[in-house]
Amino acid sequence: MNPPPIADLTDVSFTYEDGTRALDGVSLRIKSGERIGLIGENGAGKSTLCKHLNGLFHPAKGKVLIDGEDVAKSKASHLARTVGYLFQNPDHQIFKSTVYDEVAFGPKNIGLRDNEVADRVERYLELTGLSDLAKSPPLMLSFGLRRMVTIASVLSMEQRLIILDEPTAWLDYGQAVLAKEAIRGRLASGAAMILVTHDLQLVAEMADRVVIMSGGRVVADGDAKKILSDPDILMKYGLDPPPLTKLANELLSEEAASEIFAVADFINAVKKKKWKASK
Ligand SMILES: Nc1ncnc2c1ncn2[C@@H]1O[C@H](COP(=O)(O)OP(=O)(O)O)[C@@H](O)[C@H]1O
Ligand SMILES: [Mg+2]
């Protein structure tokens, strides 16, 4: 028998108390290990959707299953073993008085033994470049470092589905490189990811499937390379294609553009001299 999808939403609708309809019949199935870039304009419903996956919200209509279990019937503590959520604003997540305790909180809470907790904390502090700050109060750190603390906290729980809301926004270059490497480590161990971001270059680097939301609905869902190299569909939903894709579309062919997601790809294509002008 196939394992159940890690997340399975069927016809999910949700309306806020003030009457704002934020989700309107969303169906989405996420298989174990899938890497999804969830994109769409502000207000499209991305965060509301994510909050249904960790049990923060329950659907007014429809069903959400995590690893085959109905979220409406699961305990938050049980869900927390499977689903990790990096909030867009780190200050909504941080509440301990040292970086060490902040990162230790999750692994402790899911019932790991003390030595395992210590191993996890040390490993993820190192991966996020925070080892020297273990004793610092997180709220005294810069925004970028506070963001790194929350990344370490979420990844250290090693859940099978990680939801990341703008994980690299406001990080400096070095921090972003570390954050991406740490996230990739979890993905390499088979974790599934939902990456919510406005940075389509980041989506190109990290995701294999792209879901576009607009007005509370899923309006496109498919192969990341196909969708990211299609400026028409991106612009239709108010999204800016990755800079390299734009450049490749202008200077090379549409076909070449569909294969270019990193500077190295672009250089290779140029070396092969697929210039439009020379055709
Ligand atoms: N707490 C809230 N109360 C009322 N409306 C909300 C609340 N949070 C979000 N919304 C509305 O729900 C819709 C979806 O918002 P959201 O899920 O935050 O979108 P996104 O994450 O894609 O920007 C928007 O119209 C937004 O204004
Ligand atoms: Mg949001």
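**Section: the domain arrangement of the protein chain**
Examined at the domain level, the protein chain breaks down into domain 1 (7-241) and domain 2 (242-279). On a C-alpha basis, the centroid separation for the pair domain 1 and domain 2 is 31 Å. Domain 1 puts 10 residues into the contact, and the matching count from domain 2 is 10 residues. Taken together, both faces of the contact between domain 1 and domain 2 bury some 860 Å²; the carbon and sulfur share is 61%. Where domain 1 packs against domain 2, one counts 1 salt bridge.

**Points about the pairing of strand 10 (residues 217-223)**
By the bridge criterion, 6 bridges tie strand 9 (residues 209-214) to strand 10 in an arrangement that is antiparallel. The residue of strand 10 that forms the bridge with arginine 209 is aspartate 223. Between strand 9 and strand 10, which pair antiparallel and follow one another directly, the connecting turn spans 2 residues, one of which, glycine 215, has a positive phi of 55°.

**What to know about the environment of histidine 58**
Tracing the chain through its elements places histidine 58 in the loop between helix 1 (46-53) and strand 4 (61-66). Overall, the relative accessible area of 39% leaves histidine 58 in the partly exposed class. Leave out the neighbours within four places in its chain, and histidine 58 touches Phe14, His52, Val71 and Ala72.

**Side note on the environment of methionine 213**
Mapped onto the elements, methionine 213 comes out in strand 9. According to the relative accessible area criterion, methionine 213 is buried, its value standing at 1%. On a C-alpha basis, the gap between methionine 213 and valine 26 in space is 9.3 Å, while along the polypeptide they are 187 residues apart.

**Focus on the pattern of salt bridges**
Tallied over the entire structure, the rule returns 15 salt bridges. Between arginine 123 and glutamate 158 there is a salt bridge, and its shortest N-O distance comes to 3.1 Å. Here the residue arginine 123 occupies a position in helix 4 (residues 114-127), and glutamate 158 occupies one in the loop between helix 5 (143-155) and strand 7 (161-165), the gap between them amounting to 35 residues. Judged by its relative accessible area of 40%, arginine 123 falls in the partly exposed class. Sharing partners across several salt bridges, the network here consists of Lys180, Glu181, Arg184 and Glu205.

**Quick word on the site of ligand 1**
In the vicinity of ligand 1, the contacting residues are Tyr16, Asp18, Thr20, Ala22, Glu41, Asn42, Gly43, Ala44, Gly45, Lys46, Ser47 and Thr48. Between alanine 44 and ligand 1, the recorded distance is 3.2 Å, taken from a backbone N or O atom to an oxygen atom. Within the side chain of threonine 48, a nitrogen or oxygen atom sits 2.5 Å from an oxygen atom of ligand 1. Notes on ligand 1: free accessible area 560 Å², of which the protein chains cover 62%. For the shell around ligand 1, the per-class residue count stands at 3 nonpolar, 6 polar and 3 charged.

**Some thoughts on unusual backbone geometry**
Backbone geometry at aspartate 67 places phi at a positive 50°, although glycine is not the residue there. Mapping aspartate 67 onto the fold places it in the loop between strand 4 and strand 5 (69-70). Overall, aspartate 67 belongs to the partly exposed group, its relative accessible area being 29%.

**A few points about helix 5**
End to end, helix 5 covers 18 Å across 13 residues, agreeing with the expected 18 Å (1.5 Å per residue, within 8%). Taking burial as the measure, the 13 residues of helix 5 include 11 buried ones, the bulk of the element. Taken as a whole, helix 5 has its buried residues at Gly144, Arg146, Arg147, Met148, Val149, Thr150, Ile151, Ala152, Ser153, Val154 and Leu155. Looking at the buried positions of helix 5, the neighbouring elements they touch are strand 6 (83-86), helix 3 (99-109), helix 4, strand 7 and helix 6 (173-188).

Criteria and cut-off values
- Residues numbered from 1 in each chain as written.
- Chains lettered and ligands numbered in written order.
- Predicted model: local features only at pLDDT ≥ 70, side-chain atom pairs only at ≥ 80, totals over all residues.
- Heavy atoms only, no water.
- Domains from an automatic or database assignment.
- Contact = heavy atoms within 4.5 Å.
- Buried area = accessible area lost by both parts, 1.4 Å probe.
- Salt bridge = Lys/Arg side-chain N within 4 Å of Asp/Glu carboxyl O.
- Pairing = 2+ DSSP bridges.
- Helix = DSSP H or I, 4+ residues; strand = E, 2+ residues; numbered from the N terminus.
- Buried < 20%, exposed > 50% of the residue type's maximum accessible area, 1.4 Å probe, protein only.
- Near = heavy atom within 4 Å.
- Polar contact = N/O pair within 3.5 Å; in protein donor to acceptor, adjacent residues only side chain to side chain.
- Areas by Shrake-Rupley, 256 points an atom, 1.4 Å probe, with all protein chains shown as cover.
- Nonpolar A, V, L, I, M, F, W, Y, C, P; charged D, E, K, R; others polar.
- Expected span 1.5 Å × (residues − 1).

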